[in-house]
Amino acid sequence: MTHTSGGPRPQAGPPSSAAPLAGHQLPVPARADGVQLIGQSQGSGYRQPPSLVRRGDGQTLQLTPLLFAVLEAVDGIRTVEDIAEHASAASGRLISADNVRTLMDSQLLPLGLLRLADGSQPEVRKADPLLGMRFRYTVTDPERTRRITAPFAVLFHPLIVVAVTAAFLASCWWVLMVKGLGSATHEAFDNPVLLLLILAVTILSAGFHEFGHAAAARKGGATPGAMGMGLYLIWPAFFTDVTDSYRLGRGGRLRTDLGGLYFNAIVAVAIMALWWATGFDALLLVVVTQILQMVRQLLPLVRFDGYHILADATGVPDLFQRIKPVLLGLLPWRWGRPENKVLKPWARAVVTLWVLVTVPLLIFSLAMMVVSLPRLLATAWASAAKQQAMLSQSLSDGDLAGAAVRTLAIAAVALPTVGMLYILFRLLRQLVTGLWQKTRGKFVQRTAAMCAVAALLAGLAWAWWPDGGTYRPVQPYERGTLADATTSILPSAGTALREGGSGRTVALWPEGAATPTRENPQLAMVLVPVEGAAAGSSAVAPAGSGGATAPSWVFPFDRPAAPEEDGNQALAVNTADGSVTYSVAFALVWAEDGEPVETRNEAYAFASCSSCAAVAVGFQVVLIVGQTDVIVPENLSAAANYNCLDCLTYALASQLVLTLDGPLTNEGMASLQALWAEIAEYGRNIQNVPLSEIQGRLAAYKEQLTAIIKADPSATKNPTPGGTATPTTSAEPGQPAPGQSAPGQSTPGSGTGTQAPAPAGTAAPAAPVTEPAPGGAPPSYIPVETPVPTADTGGTAPAVEPQPTPNPS
């Protein structure tokens, strides 16, 4: 979808394979076949406008006025003396016959513009720039192009242009800002036939885009050339030869450049009319594809329409060839050189700005292509495999339209991948070839150059070597930032989460679980790493935590604070290889006389060892007698592994808050005491219970507690609305935690780690029990559970029997 001049823009041109043959020219010099004299460039940005010549192979070259005058006089009839006389008159200075012979031998003959001494045609080598079009295939010859595009020139009448532009802008506003694309997208992807139709129309519109360039050239008086297709960068593209538009002034060339975009607008307006007649919303996607094509074409970084618009607006048709002179001209010691003054001041300023923007972006794009290539290849392979499976399914179902869509999807994945590999291979080949030729006869320089190439290849091998996640497909939850792209080669350092700092993380939620939203947030907690955590410092478990003396604190974050009054905390910390550590804290808390209810129930399981396990279970029941104005209980759990190998951490915090209208009766209190004694005994022997059963058993105890309260007439004498239980659980044991924490940090309902065989027999600490006081139970309550299991599929502890998580980290 780009118009070309039959090759790169006018340039000095590559030398032909014909060597200069001084003194062996034909008695009457003759031009090579197919050479066309275009003439002086109109609206040029050069101080001395160049003259343009086109070779028979389609390459357009820039010549100085003197060379053009000499070539113009070479008509197969004039002798060298006659040519010298003509050149003298055209240039206004004396040109001798020897001068003409020198110019022909050293300039015109190597450029492939003259016949050889024996009268044969020169062998020329067409320029092959890295950012040029490849694998060209001509569809129409110049005569056919002129014939089929002639009727479209009328579309460039000023009144038609204004009407189409206004209709296009109105269509864009209505589709993007009013109608929207939801129904169009649903309708198109729900019907593969419609999707194929949209794709076909989009491809045809890309060809129609080239009609716009050709028709615009005819409108200005130029003659368009051949049309065809090829491969530009990594995508198939159409092209139109509009070299003859250089005969036009700046306005005519800009009309030619904008003609393709104008025809995209015509397609969008026509599609809007078709939608108005049929009502098929899927057609509106074509309008969007036209907008996207136009935006892409306007990029001036590569040889799209935007590049040609900038080149013709400045009158500098060879922008890429100006990169080296502009960069060298920025060096202070080269400021005064004549080559820095070939452009007009305003044109030089625009071209310099273009170079300073384009060169860094192209280098950055190339670097990112090299860095990201392994993951892009892995992603392309995974996507192609998925599409292949869907293609097989469509074929087995007899869904030909679906099979066609899957085939196109595979092609859309394969083409960019092959294109990137081709670009990198070609760039490397040009680098090696160029260095080899430039160092011919210079042993030391060639050796240094080849060593640099070898170092480059070694660096690429190191960056692309299959190691860990080098070839891991891009995941849907990844952000794709620059830091993410370079992590595999340059691991980030010093990016640990810090107190008072900001950061971003990725939360992984179990399939089917409700994720938090802005309207319905969920509680989360992050343990912030602390620099300089003492690896060998000893600490004792907080009083009332239900845990024994904790081992050395080796974790890069602060120890959880000791529980406050009426608080309940289970803290299991394990740093001993091959062991299992339990911490269990069960508590029954009464709140009376309107005192605020700010109790906290916590369960923390931390491990830094091998083949070990840490299990923390906190269970708290809060009974509120009478009226209170503040009820803000907290229920927290966290499981974290640090430098852990084959270990398991499991934290479960379960809290039940009930409000009672009055004290319990004696019968109700007796039932409550009996049940709580059973619960306490269960807590003291919880190390013999499989982890998969703990949460369910605690939930059953909650139901029994609720039943006792509801059955007591004193506690429920004035029932309030909402007396039914509605337990909420952030995660189930054996399921992926709602967030994967990195080593040294954790979020509620999350943890990282692995499971390993852990020895049985570790005694569980006694569960603290708060004796029930006289009181009653509520008809409304807040049960909360927060289990945090982390495990690997490497086995189960004999006495623990934890269920491994399906997605261990």
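Quick notes on the rules
- Residue numbers restart at each chain and count upward from 1, following the sequence in its written direction.
- For this predicted model, a pLDDT threshold of at least 70 governs which residues receive local features, and a threshold of 80 or more governs which side-chain atom pairs are given and counted, while totals over whole chains, interfaces and linings are taken from all residues.
- The side-chain quantities take in all heavy atoms of the structure and omit both hydrogens and water.
- The predictor reports its confidence for every residue as pLDDT, a score running from 0 up to 100.
- Think of it this way: any DSSP run of H or I at least four residues long counts as a helix, any run of E at least two long counts as a strand, and we number them from the N terminus.
- By definition, residues are in contact when any of their heavy atoms lie within 4.5 Å.
- Stacked, tilted and edge-to-face are the three classes applied to pairs of Phe, Tyr and Trp rings, where Trp contributes its six-membered ring and a pair requires centres within 6.5 Å; stacked means planes under 30 degrees apart, edge-to-face means over 60, and tilted covers the rest.
- Burial classification: accessible surface area is computed with a 1.4 Å probe over protein chains only, and a residue below 20% of its type maximum counts as buried, one above 50% as exposed, and the rest as partly exposed.
- Here, a charge over a ring is recorded when the distance from Lys NZ or Arg CZ to the ring centre is within 6 Å and its angle to the ring normal is within 35 degrees.
- Pairs of strands are assigned from DSSP output, requiring at least two bridges between the strands.
- Cysteine sulfur atoms that come within 2.5 Å of each other are treated as a disulfide pair.
- Inter-axis angles, ranging from 0 to 180 degrees, are taken between N-to-C directions of lines fitted to C-alpha atoms, where helices are fitted over the stretch in contact.
- Any carboxyl oxygen of Asp or Glu within 4 Å of a side-chain nitrogen of Lys or Arg constitutes a salt bridge here.
- Should an angle lie under 35 degrees it is considered roughly parallel, over 145 roughly antiparallel, and from 65 to 115 roughly perpendicular; all remaining angles are considered oblique.
- Helix crossings get a hand from a simple test, with the near helix turned counterclockwise from the far one by less than a right angle marking a left-handed crossing and a clockwise turn marking a right-handed one.
- Gly is placed with the polar residues, together with every amino acid not listed as nonpolar (Ala, Val, Leu, Ile, Met, Phe, Trp, Tyr, Cys and Pro) or charged (Asp, Glu, Lys and Arg).
- We call two N or O atoms a polar contact when they sit within 3.5 Å, provided that within protein one can donate a hydrogen and the other can accept it, with sequence-adjacent residues counted only if both atoms are side-chain atoms.
- Patch criteria: residues need more than 30% relative accessible area and no salt bridge. Like-charged residues are merged within 9 Å; nonpolar side chains of Val, Leu, Ile, Met, Phe, Trp and Tyr are merged within 5 Å.
- What sets the accessible areas is the Shrake-Rupley method with a 1.4 Å probe; for residues, cover comes only from the shown protein chains.
- Residues belong to one nonpolar core when they are buried, are Ala, Val, Leu, Ile, Met, Phe, Trp, Tyr or Cys, and are joined through side-chain atoms within 4.5 Å.

(A) Broad picture of the confidence of the model for the protein. With 76% of its residues at a pLDDT of 70 or more, the protein shows a mean pLDDT of 75. Considering each helix and strand of the protein separately, the mean pLDDT is smallest for strand β13 (residues 728–729), with a value of 32, and largest for strand β9 (residues 600–607), with 92. Of the regions scoring below 50 in pLDDT, residues 532–551 engages in 47 contacts with residues more than four places distant in sequence or in other chains. Scored below 50 in pLDDT, residues 789–809 shows 80 contacts in the model against residues more than four places distant or in partner chains.

(B) Structural context of the packing of aromatic side chains. In this structure the tally under the stated criterion is 21 aromatic pairs. Considering the side-chain rings of Y682 and Y701, the 5.7 Å spacing of their centres and the 70 degrees angle between planes classify their relative orientation as edge-to-face. Separated by 19 residues along the polypeptide, Y682 in helix α16 (residues 666–684) and Y701 in helix α17 (residues 691–711) bring together distant segments of the chain. Look at Y682 and you get buried, because its relative accessible area is 14%. Taken together, the ring pairs in this structure connect F152, F156, F208, F211, Y262 and F263 into an aromatic cluster. Sitting above the plane of the W436 ring, R446 keeps its charged end 3.7 Å from the centroid.

(C) Seen up close, the pairing of strand β10 (residues 613–625). Along β10, 13 of the 13 residues are buried, which leaves the element largely enclosed by surrounding structure. Here strand β8 (residues 580–591) pairs with β10 via twelve bridges, running parallel. Note on β10: the bridge partner recorded for V589 is V622. Two elements, β10 and strand β12 (residues 648–660), share 13 bridges in a ladder whose sense is parallel. Within β12, the position partnered with I624 by the bridge is T659.

(D) Representation of the state of the cysteines in the model. Tallied over the full model, the rule gives two disulfides. Note on cysteine connectivity: C609 is disulfide-linked to C612, with sulfurs 1.8 Å apart. Disulfide C609-C612: torsion about the S-S bond near 85 degrees, hence right-handed. Its relative accessible area of 3% is what places C609 among the buried residues. According to the relative accessible area criterion, C612 is buried, its value standing at 0%.

(E) Structural view of the sheet that holds strand β2 (residues 51–54). The sheet built from three strands is open, its strands ordered β1-β2-β3 with antiparallel pairing. Bordering the open sheet on either side are β1 (36–40) and β3 (60–63), each of which pairs with just one other strand. When the angles between neighbouring strand axes are averaged without regard to direction, this sheet yields 25 degrees. Note: β2 against β3, four bridges, orientation antiparallel. Across the sheet, L52 pairs through a bridge with Q62, a residue of β3. Strands in contact with helix α1 (residues 65–73) are β1, β2 and β3; relative to β2, the strand with the most contacts, it is inclined by about 45 degrees.

(F) Representation of the environment of V584 within the structure. Here V584 lies in strand β8. Spatially, the C-alpha atoms of V584 and N568 are 9.8 Å apart, while their sequence positions differ by 16 residues.

(G) Structural context of the pattern of salt bridges. Throughout the structure, instances matching the rule amount to twelve salt bridges. Of the charged contacts in the structure, one is a salt bridge between R101 and E81, with a shortest N-O distance of 3.7 Å. Here R101 is found in helix α3 (residues 97–108), whereas its partner E81 is found in helix α2 (residues 80–91), with 20 residues between them in sequence. We classify E81 as partly exposed; its relative accessible area is 45%. In this structure, the salt-bridge partner of R146 is E143, at a minimum N-O distance of 2.9 Å. One end of the pair, R146, and the other, E143, are both in helix α4 (residues 142–149), three residues apart, so they sit about a helical turn from each other. For R146, a relative accessible area of 24% gives the class partly exposed.

(H) Quick peek at the environment of T470. Mapped onto the elements of the fold, T470 is located in the loop between α14 (443–464) and α15 (482–486). Look at T470 and you get buried, because its relative accessible area is 9%. For T470, the residues in contact, after removing those within four places along its chain, are P374, R375, A463, W464 and W465.

(I) Local environment of the sheet that holds strand β11 (residues 634–641). Across the sheet, three strands lie side by side as β7-β9-β11; this open sheet has parallel pairing. Because the sheet does not close on itself, it has two edges, and the strands there are β7 (568–574) and β11. Strand-to-strand, the axes of this sheet are offset by a mean angle of 0 degrees, without reference to chain direction.

(J) Examining the packing of α1 against α2 more closely. Contact geometry for α1 and α2: axes closest at 9 Å, N-to-C directions at 140 degrees. Viewed along their axes, α1 and α2 adopt a mutual orientation that is oblique. Crossing angle aside, the handedness with which α1 passes α2 is right-handed. Touching L66, A69, V70, E72 and A73 of α1 are I83, H86, A87, A90 and S91, all from α2. For the contact of α1 with α2, a count of residues per class yields seven nonpolar, two polar and one charged.

(K) Spatial organisation of the side chain of T439. Residue position: T439 is located in the loop between α13 (400–438) and α14. At a separation of 3.2 Å, a polar atom in the side chain of T439 contacts the side chain of R446. In this structure T439 touches Q445 and R446, once residues within four positions along its chain are discounted.

(L) Inspection of a nonpolar patch on the surface at higher detail. On the surface, a nonpolar cluster with roughly 460 Å² of combined accessible area is contributed by W173, L176, M177 and V178. Along the chain, V178 falls in helix α5 (residues 158–179). In this structure V178 comes out as exposed when scored by relative accessible area, which is 53%.

(M) Quick look at the nonpolar core. F586, I686, I694 and L698 are the most contacted members of the largest nonpolar core, which totals 36 residues. Contact partners of I686, with chain neighbours within four places excluded, come to Y582, V584, F586, V617 and I694. Counting 34 residues, the second-largest nonpolar core is a separate cluster that includes C172, A184, A265 and A268.

(N) Focus on the environment of G662. Residue placement: G662 occurs in the loop between β12 and α16. Under the relative-accessibility criterion, G662 is labelled buried at 2%. Distance from G662 to S714, taken between C-alpha atoms, is 5.7 Å for residues 52 residues apart in sequence.

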